[in-house]
Each structure stands twice: as structure tokens, then as C-alpha cells.
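An overview of the molecular structure
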Amino acid sequence: MRTFISFLLAIALIGVPAVARADAPLVANSPVMVVGSFGVGSTISALYPTDDQALTASFEWYADGSKLASISTSTLLLGTDLVGKLVTAKVTLSKNGFVDLVLDLPGARVFGSLPANGGMMTYLDETVSQPGCFSPRANGVSTPTVGWQLWFSCQPYNTTFGTPVEQKFSWYRNGQQIAGATQSTYRLQAVDAGQSIWGAYQTTYSNGFVFSDAKKLRTSIPFQLTIAKPTIDGSVTVGTSLVASTAGSDPLATFSYQWFSDYVPIVGATSATYMPQSGDVGKAVQVLAIAQRDGYSAASRLSDPATGATVQPVNPMAAYSLVFNGYESTNTAYDIGYIVSPTVTADSLTREKALVQRAADFWRSEYTPAGVTVVYLTRDDATWAEGIVAQHPSWSSSIPGGIRSWIERNSCGFALAFKADQRQIFIECIRNGSESSVNDQQVGPHEYSHWVQYEQSSSLYLGRVPWLIEGQANFYGLALGIASEDPALSFINRSIAGHATQYDIYNGYQFADFKMLETFEAGNIFDVQTMLTRGGTVWDQYAVGTLVSEWLVSKYGHQKYVDWMKELLRTKGQDSETERVANAVAFSAVYGFEYRQLGLYVTPYFAARSQQLRNAWAQPNQSTPNSTTPGQGSGSGGVTNATPTPTPTSSPTPAPTPKQTAKPVQPVVAPAAATLLAFSAKNTVLTSAQRAVISKKLKSIKSSQVVCAALYSPKTTAKDMATYKARAQNACAYAKSSLSKLGRSAKTLVTTRKTTKTSEVGRVSLTYKG
């Protein structure tokens with residue numbers, strides 16, 4: 001009887017649905033927040049994971065803490081009855097098998113009106129009204145790629161409410177805020193691949209009006225391929241095959257190959273094996289393995305040179321010697337007028353005129369100066385220079401901030417080149433006597449290269465080939481001004497390495513991490529091509545552009561390089577798309593391959609040169625030829641405010657012209673008063689008291705950058721200078737750590753500065769900017 005009852009009970013339970021235990025925590029897979037324009041007449045919204053069909057949501061709205069009983073939807077229309085009140089929301093998310101997730105969402109006070117005259121803005125396929133935000137997009141790469149940045153563009157300007165007083169960004173992965181991601185850009189990490197990424201934004205205007213938005217990255221993030229560094233079996237011997245191996249790489253990846261000899265692709269050598277030719281003996285023979293797999297970012301790795309006969313190292317001097325040995329000096333009197341301040345010494349003037357004459361002789365087949373005006377001044381000539389500019393009103397628009405600000409900000413070592421009244425103008429602030437170094441010799445030839453470029457187009461800005469203008473000028477400035485006196489390229493290599501350090505600072509890495517060089521050394525052609533096409537800063541353009549210039553000139557000659565530049569500038573049009581089309585024709589016509597292949601072509605050269613740049617940076621400062629004192633950082637035109645000035649050891653190059661920069665000049669913010677740290681004996685480590693001083697200062701001001709300057713005198717020895725620099729580095733390292741702990745952007749810059757006060761020698765001056 002008991003068995004029969006149990007059977008009936010079992011039959012009855014078959015029709016009862018199973019109920020999951022509601023004890024698992026519910027996690028939202030997208031941000032839950034209130035967004036919209038907090039002004040009367042606008043509708044604000046409570047965002048929640050609408051893509052999860054199994055999830056339900058309920059909403060409550062509050063004004064100054066009192067529930068708005070009649071509203072239970074995800075949106076709220078802001079009426080006049082809410083003006084001045086703090087509107088917030090409560091969202092309850094429910095899902096079978098999970099504990100309800102209840103979230104109290106912050107909002108903002110309701111303003112009495114909405115901004116007007118915002119207008120519409122369009123980017124690719126998306127149009128939004130201002131204030132508004134575009135969906136996050138890949139920045140510098142065609143698709144979101146691990147290791148590269150996303151960009152969340154929000155435009156709160158051009159409204160009747162003026163300029164915002166506060167802007168906040170935050171980034172989310174699968175609904176969870178990413179720690180430390182508080183900028184308009186976010187660098188994708190390996191953990192982001194395949195995940196849901198959102199950007200959120202909030203701005204506050206001076207009148208109290210608040211606008212906020214949040215949008216999802218619409219493109220999936222590919223995973224990263226595992227690629228082992230390829231190896232080469234065999235040696236470089238004529239008649240014996242070399243075989244490439246990718247053992248240790250992703251077994252599901254498909255590989256293709258490209259072989260190189262002396263840093264140039266070997267035509268047709270695209271299989272896993274290669275038979276060396278007689279011309280390969282003694283050359284660097286390498287193989288590039290390119291991997292692909294669905295759902296993953298394509299990538300490549302570069303092998304070391306194959307064994308065999310002694311391999312000669314990469315020889316960048318081949319390019320520089322083609323330039324400084326490739327012309328004949330003349331006594332031609334060119335149509336160049338000089339305006340010279342009384343403080344410029346006769347020796348300095350003779351030196352600078354000789355450099356301009358050298359550049360004019362070199363470029364005479366391409367450009368003949370006509371009515372050029374050159375102005376030379378020193379750091380003591382601000383008042384004199386203002387008088388000269390006042391006599392030439394057409395110059396003012398090309399000197400943002402005024403000539404005095406340039407002199408006082410940069411303490412000379414800068415130059416400006418521009419056209420006014422259809423004439424070339426060149427203003428250089430030079431150093432006299434012992435203050436001058438070999439670095440100054442590149443300035444005149446650098447700017448002269450810009451004159452040649454200006455003869456092709458009055459607008460030098462390039463969007464698709466951003467490195468060409470400054471990279472070409474930097475290369476020819478080094479080649480004509482320095483290379484003949486620098487046979488080991490010790491100065492030139494340190495100079496280029498110094499530019500690479502600024503990539504670290506601007507992108508949030510530690511100073512001299514050399515992430516740019518690390519990218520080149522990895523041998524990923526896709527990353528290299530990105531570096532050739534991304535906007536970046538002027539320092540990126542110097543470093544990348546100089547290396548490309550070296551390769552193009554050494555492999556194809558000076559004339560082809562100039563022919564390509566001229567054709568591109570003449571045909572580039574007024575926007576990036578017309579420039580892309582023009583360059584596709586101009587580059588392939590001159591070089592015989594497509595510009596989109598340039599990343600592949602230069603990857604082995606970039607990798608080899610990057611090792612040389614690292615080695616040069618590690619050498620002591622006294623290896624710099626003709627250098628008597630540590631120089632000061634030069635200005636960088638309209639990019640000065642976006643990129644810190646290089647440290648003296650980076651051997652900074654001359655300034656670009658204001659018209660060449662992609663970004664508008666931002667107002668200069670006066671730095672906070674400097675803090676002087678004193679050290680005892682030979683000590684370089686910060687004391688607890690010094691750390692406390694830095695921490696207190698950073699907490700009391702809204703600083704986004706700290707400049708740490710080691711103070712020295714003309715009598716400072718190299719050994720003492722190293723000690724002083726170590727102090728400055730330690731001070732900046734602690735400042736950066738403190739900024740990070742405060743949740744603020746952590747940008748620091750280590751530099752040196754000469755002082756005439758004996759009591760200041762050996763101290764570290766900390767200046768707080770932003």
C-alpha cells in the first residue's frame with residue numbers, strides 16, 4: 001500500500017515545474033545609470049541591460065528624496081515642477097534564479113532650460129545633436145584591437161551655456177567600471193577581447209546644467225593570437241635552403257611568410273623556405289611570419305637574422321651620408337633677408353647663416369628662396385621681438401600666444417616657420433656661446449625643409465601620412481646639420497630615442513619605458529602600419545618619420561623621397577579621403593608598391609634601429625658630440641600643451657610650424673608655484689618629509705602633470721649631474737604614484753635646469769601644471 005501511494009505522488013509531481021533557488025547574485029552585464037540632459041523639457045533615462053530577455057526591471061524616480069509616485073517607467077520627462085530639485089532613480093533588476101539587484105542611481109539637479117544653438121555633428125555613420133556623444137570607436141586602428149585605444153568623443157561645446165567647468169569619463173567592461181579608466185580614451189587590454197565595453201560621460205556647465213550619456217562599443221574586440229618568434233633552420237649559404245619554423249604558435253592559426261635581405265623584402269620569397277642568393281651573403285636575412293585566424297587580430301613576428309657569414313648591423317648612416325655628401329657647396333647669394341637682435345653674437349650669426357646657406361645649396365634644384373625673412377633672437381629679446389612682430393601684423397596669426405610667450409615658455413631652442421603675405425618667414429631663438437650645442441645646428445636646415453614643403457602647398461597638414469611633414473624635416477635637419485660631425489650617430493640616435501620617450505608620457509606609460517620601440521621590436525606589421533597612419537603627437541612624427549625617412553632614402557635615394565613628397569602635397573586635397581586617394585597614386589607611382597604595404601616593408605628596419613636607439617639612450621650624456629652643457633627642452637608649436645617637453649637627454653628637435661599641427665592651440669594654464677626639495681650629501685632617495693611635502697601639494701591643487709627639474713650649475717660634473725637626475729626621477733616617480741592613488745591622471749616629466757644660485761644646485765624643483 002505504501003509503495004502504491006509513493007507511485008501516485010511521483011506521478012503527481014511530474015507536472016510541477018522546477019523552481020530555481022533564488023540565491024545567486026545578479027550581475028548587470030552593462031552599466032546601470034541615469035543619462036540625459038538635466039533641463040526642463042528633456043527626457044532622462046535609466047539605462048539597464050535590455051539585451052538580456054530573461055531580465056525584468058522596475059523603476060522608481062525621486063526628487064530631493066521624495067518618490068514621484070506616478071512614474072514607473074525607465075524614462076522621466078523633466079517639467080517645471082522639478083526645477084532646482086535633485087532627481088535620482090532606483091532600479092530593481094530581477095531574473096529567475098537570482099537575488100534581485102537593487103541599485104540607487106545618482107542623478108543631478110534640474111536646470112530651468114536647455115542649451116540652444118548646439119547644432120548637429122556627424123562622424124562616419126552616426127549623427128548626434130550637441131551636447132552629445134558618439135559611440136566609442138577605435139582610435140588609430142581600423143577595428144578595436146587589444147593594445148590600442150578606444151576613443152569616446154563627447155561634444156558639449158557650441159551651446160548657449162558656454163564652456164563646461166567639469167567633464168568626467170568612465171569605462172565599463174560587462175557592466176563593471178574599469179579601475180583607473182577615467183579619460184576620453186581607453187587602451188584595450190587582453191581581458192577586453194570578446195567582452196561588452198561601454199563609455200560613460202558627464203559634464204557640468206558653470207550655470208549648473210548637467211549633461212550625461214553612455215554608449216556601447218558597437219564592434220566586437222578580436223582575441224590575440226599566440227605567435228612564437230619564428231626561427232630559421234639553416235645558414236646563409238648559396239644553394240642551401242633556409243626553413244622558417246613557427247613552433248609554439250597557435251596551432252589553429254594560418255601562416256604566410258615574407259623573407260627579407262638587408263631589411264628589404266625579397267620579391268617572391270613568400271613561402272616557409274628560401275634559397276639564399278649570392279647577394280644575401282653577409283646580409284641580415286630574416287623571415288616575417290604572418291598569422292591569421294577567424295575571430296582574432298591578424299599579427300606577425302620577425303625572426304632574428306639567420307646564421308652564416310658575419311652579418312653587418314643595420315646602417316642608418318647610409319641615408320645621412322647620401323644627403324651630406326650629395327650636394328656641392330656654393331657661394332650663391334640667395335634672396336634671404338636677416339633681422340638680427342643686438343644680443344645675437346657675431347659667432348652665432350655666422351654659424352646660423354652658414355647652416356642656412358648649406359640647406360639652400362642642398363635644396364637649390366627644388367627651391368629658390370624669394371623674399372624670405374629670417375629673424376634671429378635670444379632669450380633676452382622678448383620686448384625687442386614684440387616690436388619686430390608689431391611691424392609685421394600679418395605674422396601675428398602664425399605665432400599663437402604671442403612671441404613673448406614662446407620665448408618665456410621655451411627659454412629658446414625653438415623655431416617658427418610659416419608663410420605670411422605669400423612669403424616664407426623663419427623666427428629662431430638661438431643660444432650664444434657655451435649655451436649652444438650640436439643640437440642647435442639642425443634647426444636651420446630643419447626649417448628650410450619646411451620652406452621646400454610650403455612651395456608645394458600652403459597647407460602642410462596631412463591626416464593619412466601624419467609623419468611626413470615633421471619626419472622629413474627632422475631627417476634633413478639631422479643630415480645637413482649634425483650627421484657629418486656625428487659618425488657614430490650617437491647624438492642622432494639619442495635624439496630619436498628622446499622623441500620616443502614622449503610617446504610613453506603622452507600615452508600614460510612610465511617615462512622611457514620605450515613602448516614605441518617595444519612595438520617596433522615585436523615585428524607586428526599591423527602595429528607598425530598603425531604607427532605610420534595614427535595622428536599622435538609631433539614627437540611621434542619626429543621619431544617615426546625620421547626612421548621611415550632613413551629607410552626610404554637609403555633604399556630608394558633622396559630624389560624619389562622628394563618627388564613623392566612634392567606630388568602628394570600638390571594633389572592631397574582638403575580632407576583625409578582625398579589625401580588617401582592622392583597618396584595611393586603618388587606613392588605607388590614613385591616607389592612601385594602600395595603605401596598600405598609600407599608597414600610590412602619597414603618592419604625589419606624599424607626593429608633593428610630600435611635596438612640601436614635603446615643602446616644609445618643607455619650611453620652616458622658625455623657621448624654626445626660637441627655637447628658642453630645639458631640643453632633645455634625646445635617648444636613644439638601648437639602641440640606644446642598636448643605633449644610635455646622632452647627631457648634634455650632626449651636632445652629635442654626644433655619646433656614645428658603652428659599651421660602643421662592637427663590640434664587647435666589650447667590656452668596655456670599657469671603652473672602652480674614650484675616646490676624645491678633639498679637633499680643631503682649624495683643622497684638620492686626621498687625622505688619621509690619630502691614625500692609628505694609632495695603629497696600635501698598634490699592634494700591641495702588640481703594638477704595633471706608634475707615636472708621635476710634637477711638644478712645644476714655650469715660647474716656641475718657629469719657624476720654630480722647623474723646624482724641630481726636620479727633625485728628628480730625619484731621625485732617624479734613618487735609624484736606619479738601619489739597622483740594615481742588620488743585617482744587622477746598621472747603624467748610626469750623629468751628634466752634639468754641651470755641655476756645661478758649656489759644654494760639651489762643639487763635641489764629638485766617640482767612644478768605642478770594643469
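Residues numbered from 1 in each chain as written. Predicted model: local features only at pLDDT ≥ 70, side-chain atom pairs only at ≥ 80, totals over all residues. Heavy atoms only, no water.

Quick look at the overall build of the chain
A count of helical and extended segments in the chain gives 16 helices and 39 strands. Looking at the chain as a whole, 52% of its 770 residues are labelled buried. Counted over contacts in the chain with a minimum sequence separation of 6, partners at least 24 positions apart contribute 71%. With the model as given, the accessible surface of the chain reaches about 33200 Å², and the carbon-plus-sulfur share is 52%. (Helix = DSSP H or I, 4+ residues; strand = E, 2+ residues; numbered from the N terminus. Buried < 20%, exposed > 50% of the residue type's maximum accessible area, 1.4 Å probe, protein only. Contact = heavy atoms within 4.5 Å. Areas by Shrake-Rupley, 256 points an atom, 1.4 Å probe, with all protein chains shown as cover.)

Some remarks on the state of the cysteines
Chemically, a disulfide is nothing more than a covalent bond linking the sulfur atoms of two cysteines. Tallied over the entire structure, the rule returns three disulfides. Each disulfide pairs two cysteine sulfurs, and for Cys708 the partner residue is Cys732, the sulfurs being separated by 2.2 Å. Because the torsion about its S-S bond is 105 degrees, the bridge between Cys708 and Cys732 counts as right-handed. Pair noted here: Cys708 is in strand β37 (residues 705-712) and Cys732 is in helix α16 (residues 718-741), with a separation of 24 residues, a long-range link. The burial state of Cys708 is the same as that of Cys732; both residues are buried. Here the cysteine-cysteine linkages of the chain are recorded as 1-2, 3-4, 5-6, numbering only bonded cysteines and doing so in sequence order. (Disulfide = S-S within 2.5 Å.)

Examining helix α12 (residues 558-571)
Side chains of residues three or four places apart in an α-helix project in the same direction, reflecting 3.6 residues per turn. Here α12 contains 14 residues, and its C-alpha end-to-end distance of 20 Å stays within 8% of the 20 Å for a straight helix at 1.5 Å per residue. Turning to α12, its buried residues are His558, Tyr561, Val562, Trp564, Met565, Lys566, Leu568 and Leu569. In this structure, the buried side of α12 is in contact with α3 (346-363), α6 (443-454), α7 (468-481), α11 (538-556) and α13 (576-591). Positive phi shows up at Gly573, right after α12, with a value of about 75 degrees. (Expected span 1.5 Å × (residues − 1).)

Some words on the nonpolar core
For soluble globular proteins, the rule of thumb is that nonpolar side chains tend to be buried together. Formed by 113 residues in total, the largest nonpolar core has its most connected members in Trp467 and Trp564. At 10 residues, helix α14 (residues 598-618) tops the list of elements feeding residues into this core. When residues no more than four places from it in sequence are discounted, the contact partners of Trp467 are Gln472, Leu532, Gln541, Val544, Gly545, Val548, Ser549, Leu552, Tyr561, Trp564, Tyr595 and Leu598. Trp61, Leu78, Leu82 and Ala108 belong to the second-largest nonpolar core, a separate cluster that totals 25 residues. (Core = buried A, V, L, I, M, F, W, Y, C linked by side-chain atoms within 4.5 Å.)

Focus: the side chain of Glu760
Locating Glu760 in the fold gives a position in the loop between β38 (747-754) and β39 (764-769). Here Glu760 is buried and forms no salt bridge, its nearest opposite-charge partner Lys757 lying at an N-O distance of 4.1 Å. Setting aside anything within four residues of it in sequence, one finds Glu760 in contact with Leu676, Leu711 and Thr755. (Lys, Arg positive; Asp, Glu negative; His and termini not counted. Salt bridge = Lys/Arg side-chain N within 4 Å of Asp/Glu carboxyl O.)

Considerations on the packing of aromatic side chains
Taken as a whole, this structure holds 47 aromatic pairs when the rule is applied. If you follow Arg409 out to its NZ or CZ, it ends over the ring of Trp406, 5.1 Å from the centre. (Phe/Tyr/Trp six-rings, centres within 6.5 Å; stacked < 30°, edge-to-face > 60°. Lys NZ or Arg CZ within 6 Å of the ring centre and 35° of its normal.)

Observations concerning the sheet that holds strand β24 (residues 242-245)
With respect to topology, three strands assemble into an open sheet ordered β22-β24-β27, the strand pairing being antiparallel. Each having just a single partner strand, β22 (231-233) and β27 (273-274) make up the two edges of the open sheet. As paired strands, β24 and β27 are joined by two bridges and run antiparallel to one another. When the sheet's bridge partners are listed, Leu242 is paired in β27 with Tyr274. (Pairing = 2+ DSSP bridges.)

Some words on the packing of α7 against α11
Where α7 contacts α11, the two axes come as close as 7 Å, and the packing angle between them is 65 degrees. It follows that α7 is roughly perpendicular to α11 by the angle criterion. You can see that α7 and α11 cross each other, and the crossing is right-handed. Contact residues: α7 offers Glu470, Gly471, Gln472, Asn474, Phe475, Tyr476 and Leu478, while α11 offers Val538, Gln541, Tyr542, Gly545, Thr546, Ser549, Glu550 and Val553. Taken together, the residues of the contact of α7 with α11 break down into six nonpolar, seven polar and two charged. (Axes fitted to C-alpha atoms, helices over the stretch in contact; angles between N-to-C directions. Parallel < 35°, antiparallel > 145°, perpendicular 65-115°, else oblique. Left-handed = near helix turned anticlockwise from the far one by under 90°. Nonpolar A, V, L, I, M, F, W, Y, C, P; charged D, E, K, R; others polar.)

Some details on the sheet that holds strand β35 (residues 423-429)
Strand order in the open sheet formed by four strands is β32-β33-β35-β34, with mixed pairing between adjacent strands. In this open sheet, the two edge strands, each paired with only one partner strand, are β32 (336-340) and β34 (415-420). Each adjacent strand pair in this sheet contributes to an overall mean axis angle of 15 degrees, direction not counted. One ladder, built from five bridges, connects strand β33 (residues 372-377) with β35; its direction is parallel. Bridge pairing in β35 places Val374 opposite Phe426. Along the sheet, helix α4 (residues 382-390) makes contact with β32 and β33, crossing β33 at roughly 160 degrees.

What about the confidence of the model for the chain?
A residue-level look at the chain finds 90% of positions with pLDDT of 70 or above and a mean pLDDT of 87. Contacts of residues 621-671 to residues separated by more than four positions or lying in other chains number 158 contacts, the stretch itself having pLDDT below 50. (pLDDT = per-residue confidence, 0-100.)

Remarks on the pattern of salt bridges
In this structure the tally under the stated criterion is 27 salt bridges. Residues Lys215 and Glu126 are paired through a salt bridge, measuring 3.2 Å at the closest nitrogen-oxygen approach. Residue Lys215 is located in strand β20 (residues 210-216), and its partner Glu126 is located in strand β11 (residues 126-129); the two are separated by 89 residues in the primary sequence. Look at Lys215 and you get buried, because its relative accessible area is 18%. One salt bridge connects Lys168 with Glu166, and the closest N-O pair in it is separated by 3.9 Å. Residue classification places Glu166 among the partly exposed positions, given a relative accessible area of 36%. Here the salt bridges do not stand alone but share partners, grouping Asp125, Glu126, Arg137, Lys215 and Arg218 into one network.

Points about α4
Within α4 the residues assigned to the buried category are Ala382, Ala385, Ile388 and Val389. Projection of α4 onto a plane perpendicular to its axis shows the buried side chains occupying an angular sector of 120 degrees, all on one side. Structural note: α4 exposes Thr383 and Ala390 on the side pointing more than 90 degrees away from its buried face. Contact partners of the buried residues in α4: β32, β33 and α5 (403-410). (Arc of directions from axis to C-beta.)

What to know about the environment of Leu188
Turning to its location among the elements, Leu188 is positioned in the loop between β18 (185-187) and β19 (197-205). Residue class for Leu188 comes out buried when judged on its relative accessible area of 3%. It is 5.3 Å that separates the C-alpha atoms of Leu188 and Gly147, two residues lying 41 residues apart in sequence. Not counting chain neighbours up to four residues away, the residues in contact with Leu188 comprise Pro144, Thr145, Val146, Gly147, Trp148, Leu150 and Ile221.

Thoughts on the packing of helix α8 (residues 490-506) against α11
Relative placement of two packed helices is described by the angle separating their axes and the distance separating the axes. Where α8 contacts α11, the two axes come as close as 7 Å, and the packing angle between them is 135 degrees. Between α8 and α11, the angle falls in the class oblique. As α8 runs across α11, the sense of the crossing is left-handed. Side by side, α8 and α11 meet where Ile496, His499, Ala500, Gln502 and Tyr503 of the first sit next to Trp539, Asp540, Tyr542, Ala543, Thr546 and Glu550 of the second. Taken together, the residues of the contact of α8 with α11 sort by class into six nonpolar, three polar and two charged.

Things to note about the environment of Ser66
Residue placement: Ser66 occurs in strand β5 (residues 66-67). Residue Ser66 is classed as partly exposed on the basis of its relative accessible area, which comes to 45%. Sequence separation between Ser66 and Thr88 is 22 residues, and the spatial gap between their C-alpha atoms is 9.6 Å.

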